[in-house]
Amino acid sequence: MGRRARLGLVLCVAVLWARGLAAADEEGNQDESLESKTLSAEDQVKDHSTGTRVVAGQIFLESGKPDSQSEDEENFHSQEEEKENSLEELNSLETSNLLNKDLEEGEIQSTVLTAIGGTADGEPCHFPFLFLEKEYAECTADGREDGRLWCATTYDYKKDQKWGFCETEEQSNKRRQMQEAEEVYQTGMKILNESSKKAQKKEAYQYLLKAADMNHTKAMEKVSYALLFGDYLKQNIQSSKELFEKLTEEGSPRGQMALGFLYASGLGVNSSQAKALVYYTFGALGGNLIAHMILGYRYWAGIGVLQSCESALTHYRLVANHVASDISLTGGTVVQRIRLADEVENPGMASGMLEEDLIQYYQFLAEKGDVQAQVGLGQLHLHGGRGVEQNHQRAFEYFNQAANAGNSHAMAFLGKMYSEGSDIVPQSNETALQYFKKAADMGNPVGQSGLGMAYLYGRGVPVNYELALKYFQKAAEQGWVDGQLQLGSMYYNGIGVKRDYKQALKYFNLASQGGHILAFYNLAQMHATGTGVMRSCHTAVELFKNVCERGRWSERLMTAYNSYKDEASIVGENETYPRALLHWNRAASQGYTVARIKLGDYHFYGFGTDVDYETAFIHYRLASEQQHSAQAMFNLGYMHEKGLGIKQDIHLAKRFYDMAAEASPDAQVPVFLALCKLGVIYSLQYVREINIREVFSHIDMDQLLGPEWDLYLMTIIALLLGTVIAYRQRQHQAIPRPAGLRPAVPQQEPPPEHQPPQ
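Residues numbered from 1 in each chain as written. Predicted model: local features only at pLDDT ≥ 70, side-chain atom pairs only at ≥ 80, totals over all residues. Heavy atoms only, no water.

Can you lay out the pattern of salt bridges for me, pointing to particular residues and giving the numbers?
If you walk through the whole model with that rule in mind, you get nine salt bridges. The closest approach of N and O atoms between R254 and E221, which form a salt bridge, is 3.7 Å. Of this pair, R254 sits in helix α9 (residues 253–265) while E221 sits in helix α7 (residues 217–229), and the two are 33 residues apart along the sequence. For R254, a relative accessible area of 4% translates into the label buried. Accessibility expressed as a relative area gives 6% for E221, which makes it buried. Residue R535 pairs with E310 through a salt bridge whose shortest N-O separation is 3.1 Å. (Salt bridge = Lys/Arg side-chain N within 4 Å of Asp/Glu carboxyl O. Helix = DSSP H or I, 4+ residues; strand = E, 2+ residues; numbered from the N terminus. Buried < 20%, exposed > 50% of the residue type's maximum accessible area, 1.4 Å probe, protein only.)

Next comes the structure, spelled out in structure tokens:
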């Protein structure tokens with residue numbers, strides 16, 4: 001009975017493994033977009049395994065045992081494992097023949113096709129078969145004008161003339177329609193990817209529309225998003241919703257995720273967080289990475305679900321694994337981050353985007369031989385960002401010019417480009433090594449780090465951990481993040497050095513301060529597993545979230561920014577403030593100070609909600625205490641001054657005004673004006689509270705100014721009166737007129753020649 005159970009278990013595992021391979025092969029042949037990129041079930045399970053770890057983009061095997069474990073215990077475990085392996089081998093010998101036989105029979109049964117019609121209706125197809133001196137291992141449409149697939153039921157078709165169709169006529173028509181739709185889709189995608197002009201992109205979407213009408217799944221996904229956001233197609237949320245529903249019925253994870261977005265945001269449908277959660281969950285189960293990120297955030301913030309840090313960690317880790325595995329030596333595309341609130345509050349402040357005139361100026365300097373301009377433009381085109389599109393051809397040209405002029409930085413980046421390889425620069429470890437050596441000899445940290453990578457992985461040179469460690473240390477000493485990251489990885493995995501988690505943590509922290517994605521990823525892994533640090537789910541989630549937000553889909557931020565500049569909108573004016581209030585609230589929960597102040601402003605003025613001074617006061621106080629915001633302190637001072645949402649207290653108002661002036665130099669002028677106003681109010685309030693007559697009755701003028709104080713007062717009044725009279729007389733003196741000007745004489749009418757009779 002035990003042997004049968006083991007056999008059944010082995011068969012189940014084998015079948016599941018075969019299906020997984022088939023699904024992986026099928027997905028590998030498709031060109032999926034970023035949004036529809038999925039993770040197989042094997043990848044999702046692999047994330048939770050304790051035997052492997054992904055560190056610095058590489059998978060390292062780990063024993064999972066602490067370093068302090070004794071050698072005797074390790075030997076004991078190894079002996080037990082050997083015993084178990086030997087028993088498994090004996091069992092496998094007994095069942096191997098039966099297993100192979102069952103698998104072969106199952107494989108044969110799965111590949112048998114029955115001929116339909118023809119001269120051998122109902123007979124099994126024979127593979128391979130010979131037709132026109134050529135062997136065919138599968139059904140073919142050769143020899144037929146209608147394109148229907150057929151097969152022979154014997155080896156030699158010419159001799160036996162035994163054949164039949166592999167599909168019904170309906171299946172044939174559907175297959176040919178899908179082939180035509182695929183051709184139309186590929187044509188549209190080719191135009192879309194190769195052109196940057198808006199007119200050509202609109203033309204590409206016409207092809208995609210045609211393919212979508214032919215039920216092509218990927219074309220429907222592209223068209224539905226274009227209709228939702230109005231990209232190159234006229235915005236039509238209702239049509240977009242219908243396409244998403246159709247995609248969802250077909251099991252498209254991307255369609256499920258999008259439908260969840262519609263229900264979450266209430267676009268084209270009545271808002272329902274329950275339905276949104278269902279669609280997001282199905283999209284995530286289908287492997288959609290965006291759906292995983294959404295669920296990770298919802299579990300982290302407790303939006304529509306019970307707050308669960310561990311669930312958030314699971315979702316974010318899956319996405320972070322994908323992002324980390326996609327990071328190359330050159331670092332990938334730069335994510336440009338722009339604060340819209342900063343642009344609104346400070347219109348003159350630089351947003352990080354380079355103006356076209358400034359780019360042209362740098363190009364002019366580069367053409368004139370300015371090496372720094374050449375290196376700067378090369379880096380911009382290599383990574384993209386700041387309004388410059390990624391262009392490896394131009395990056396290579398600029399680096400080449402600067403390297404010929406002897407610039408070590410350009411040599412190092414040329415080494416990185418050759419090390420990675422691209423459509424423009426062929427991969428060559430030897431050429432990369434030459435550039436790295438030249439740059440490293442000149443003391444360049446980028447070259448030193450590249451040379452360390454070459455010795456670490458044996459790229460063009462034999463593996464030498466000591467030299468790798470040496471060059472990484474030199475690069476790290478100069479503050480280069482790649483050197484710090486690789487040093488951390490070597491200490492973490494014990495490669496070339498004794499394993500030291502504290503040193504690894506130190507270098508990962510240094511690299512994360514420079515913004516390296518893999519440094520954030522490795523720190524997240526350490527906090528998630530409690531390796532070298534106390535386990536902290538909250539810290540791990542925040543780090544994994546940071547990694548996820550730097551994936552390739554972050555390029556949409558710039559698309560959204562450009563649409564914002566074009567004043568594109570998918571919500572009505574009456575929904576603007578309530579939706580803004582919702583997103584300000586979510587941003588404030590992540591520690592964004594401006595969002596917290598905006599929440600106070602919305603409740604203070606009643607934007608998207610009722611006027612609520614008490615709630616506004618709470619938000620201002622949180623921003624003041626947690627983020628030390630000068631604006632929040634000033635607002636609290638004003639509310640104390642006016643008694644809005646809190647009891648009026650002029651003394652507390654002055655205190656908050658003073659705190660605002662100390663927190664920010666920019667607040668000193670408004671605080672000075674507010675304090676002047678507060679002083680006047682305080683004086684008036686003081687005068688109002690005292691009895692003036694009673695004050696004057698207690699004043700003894702003789703004692704205060706002397707017995708002849710009235711004479712002094714009359715003298716002062718007389719002097720002031722004389723001064724005023726003298727000043728007035730001077731003003732009334734005749735003002736001399738400029739020469740040549742005389743008063744105009746009114747013209748007299750000429751006497752009439754004839755007087756009327758009297």
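That shown, we press on.
Any details on the nonpolar core? Residues and values, ideally.
Judged by nonpolar contacts, the single largest core of 113 residues is most densely connected at F244, F399 and F544. Examining the composition of this core, we find that nine residues originate from one element, helix α23 (residues 517–529), more than from any other. Not counting chain neighbours up to four residues away, the residues in contact with F399 comprise V375, G378, Q379, L382, A410, F413, L414 and M417. Core analysis: the second largest hydrophobic core is formed by 12 residues, C125, Y157, W163 and F165 among them. (Core = buried A, V, L, I, M, F, W, Y, C linked by side-chain atoms within 4.5 Å. Contact = heavy atoms within 4.5 Å.)

Lay out the packing of aromatic side chains with the relevant residues and their values.
All told, the structure shown has 27 aromatic pairs when counted by the stated rule. Here the aromatic rings of Y521 and F544 are separated by 6.0 Å at their centres, their planes lie at 65°, and the arrangement is edge-to-face. Remark: F544 occurs in helix α24 (residues 537–548) and Y521 occurs in helix α23; sequence separation between them is 23 residues. For the pair Y521 and F544, a shared accessibility class is recorded, and that class is buried. An aromatic cluster is built from F127, F129, F131, Y136, W150 and Y157, whose rings are joined through pairwise contacts. Against the face of F165 rests R148, its NZ or CZ located 3.8 Å from the ring centre. Here the basic side chain of K438 rests over the ring of Y435, its NZ or CZ set 5.8 Å away from the ring centre. (Phe/Tyr/Trp six-rings, centres within 6.5 Å; stacked < 30°, edge-to-face > 60°. Lys NZ or Arg CZ within 6 Å of the ring centre and 35° of its normal.)

Any chance you could break down the packing of helix α8 (residues 237–249) against α9 for me, citing the residues and the numbers?
The geometry of α8 relative to α9 is characterised by a closest axis approach of 8 Å and an angle of 135° between their N-to-C directions. Classed by the angle they form, the pair α8 and α9 counts as oblique. Of the two possible hands of crossing, α8 and α9 adopt the one that is left-handed. For the pair α8 and α9, the contacting residues are K241, F244, E245, L247 and T248 in the first and G255, Q256, A258, L259 and L262 in the second. Each residue belonging to the contact of α8 with α9 can be placed in one class, and the counts come to five nonpolar, three polar and two charged. (Axes fitted to C-alpha atoms, helices over the stretch in contact; angles between N-to-C directions. Parallel < 35°, antiparallel > 145°, perpendicular 65-115°, else oblique. Left-handed = near helix turned anticlockwise from the far one by under 90°. Nonpolar A, V, L, I, M, F, W, Y, C, P; charged D, E, K, R; others polar.)

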